[in-house]
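# Descriptive analysis of the structure
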Amino acid sequence: MMLSDLEWQAVLLSLKISAIAVLFSLPLGILMAWVLVRCRFPGKALLDSLIHLPLVLPPVVVGYLLLIALGRRGFIGEWLYDLFGISVAFSWRGAAIASAVVAFPLMVRAIRLALEAVDTRLEQAARTLGAGRWRVFFTITLPLTLPGIIVGTVLAFARSLGEFGATITFVSNIPGETRTIPLAMYSLIETPGAEAAAARLCVVAIALALCSLLISEWLTRWGRKRLGAAC
C-alpha cells in the first residue's frame, strides 16, 4: 500500500501531534490522579467532574470552548499573543492542545485506578523508616502505578490519533499544519474520486490504533513482571 505525499504528511503530523499531546499532559495527569486519590478537600467532586467533562461533551463543544479561551481574541489567547507573541489557534500547537484535552480524562482514569490499588501501608512503612515524601513517591508509589501510567499514556495517544471534532473546530483543516488523519479522511471523503485514498488512510488509522493497544498490553505485562521481580 503506497501513500501519497499528502497522506504521509497527515500520518506524520498525527503522530507528532499525538506524541506531543501525551508528553506534555502526562505529568499533569499523574498529579491530578494523585490529588483525586490521596487528597480530601471541598470541591473534589467538582474537580473530578471537570476533568472527565470532555468525555461526555460533544467534541465540537470542546473545540468551541478552546477557541473562545485560546483564540487570538480569547481571554487567554489574546494575553499570550500580546505578551509573548504566541498564537495556538489554527496551528499544530492548537491541534496538540485539543487532542490533549479530549484524551486527558482517559489518561487520568487509568492512572487513578492503578493508584487506588497501591497498598498505602508500603508508603507508611517507608515513611517510618525515614524516607521523605518525594522519595516515597518516586521509589514506591510511582513504580507501583507504572502499569496504569502505561495504559493511560497509550490510551491517550490512541485517542489523540482519532481526534476530529475539537480539532477541526479549534484549528480548522489546514493542509500540512492541522490536517491530521481524521481531517484528511474527511476531506478525501468529500472529494469525488478520492475514495481509494480515504480507504488507505482508514487502514493506516486502524493499524496505528491496533498497534497502540498491542504495545499497551505488552508494556503492561512487562511492567507487572518487573514489579513482581522487584518484590
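Note: the structure precedes this text.
Further remarks concern the pattern of salt bridges. Across all of its chains, the model carries seven salt bridges by this definition. Taking the shortest distance from any N to any O, the salt bridge between Arg-200 and Glu-7 comes out at 2.8 Å. Here Glu-7 lies in helix 1 (residues 5–38) and Arg-200 lies in helix 11 (residues 195–230), a separation of 193 residues in the sequence. Exposure remark for Arg-200: the relative accessible area of 24% places this residue in the partly exposed category. The class for Glu-7 is buried, based on a relative accessible area of 4%. One salt bridge connects Glu-163 with Arg-159, and the closest N-O pair in it is separated by 3.4 Å. Classification of Glu-163 as buried rests on a relative accessible area of 1%.

This part takes up the packing of helix 3 (residues 59–70) against helix 5 (residues 92–116). Viewed as axis vectors pointing N to C, helix 3 and helix 5 meet at an angle of 130°, and their least axial separation amounts to 11 Å. Overall, the two elements helix 3 and helix 5 adopt an arrangement that is oblique. Classified by chirality, the crossing of helix 5 by helix 3 is right-handed. Across the interface between the two elements, Val-62, Leu-66 and Leu-70 of helix 3 pack against Ile-97, Ala-98, Val-101 and Val-102 of helix 5. Among the residues making up the contact of helix 3 with helix 5, the classes are represented as seven nonpolar, no polar and no charged.

The next subject is helix 3. The terminal C-alpha atoms of helix 3 lie 16 Å apart, and with twelve residues this matches the ideal 16 Å at 1.5 Å per residue to within 8%. Next to the buried residues of helix 3 lie helix 2 (44–56), helix 4 (77–84), helix 5 and helix 9 (165–171).

Quick look at unusual backbone geometry now. One non-glycine residue, Phe-90, lies in the positive phi region at around 60°. Checked against the element boundaries, Phe-90 lands in the loop between helix 4 and helix 5. Despite not being glycine, Ser-172 shows a phi value in the positive range, around 65°. Positionally, Ser-172 belongs in the loop between helix 9 and helix 10 (181–189). Of the residues examined, Ser-172 reaches a relative accessible area of 28% and is grouped as partly exposed.

For Ile-181, the location among the structural elements is in helix 10. In this structure Ile-181 comes out as buried when scored by relative accessible area, which is 3%. Distance from Ile-181 to Ala-10, taken between C-alpha atoms, is 5.2 Å for residues 171 residues apart in sequence. Not counting residues within four places of it along the chain, the set of residues in contact with Ile-181 comprises Ala-10, Val-11, Ser-14, Leu-201, Val-204, Ala-205 and Leu-208.

What counts and how
Residues numbered from 1 in each chain as written. Predicted model: local features only at pLDDT ≥ 70, side-chain atom pairs only at ≥ 80, totals over all residues. Heavy atoms only, no water. Salt bridge = Lys/Arg side-chain N within 4 Å of Asp/Glu carboxyl O. Helix = DSSP H or I, 4+ residues; strand = E, 2+ residues; numbered from the N terminus. Buried < 20%, exposed > 50% of the residue type's maximum accessible area, 1.4 Å probe, protein only. Axes fitted to C-alpha atoms, helices over the stretch in contact; angles between N-to-C directions. Parallel < 35°, antiparallel > 145°, perpendicular 65-115°, else oblique. Left-handed = near helix turned anticlockwise from the far one by under 90°. Contact = heavy atoms within 4.5 Å. Nonpolar A, V, L, I, M, F, W, Y, C, P; charged D, E, K, R; others polar. Expected span 1.5 Å × (residues − 1).

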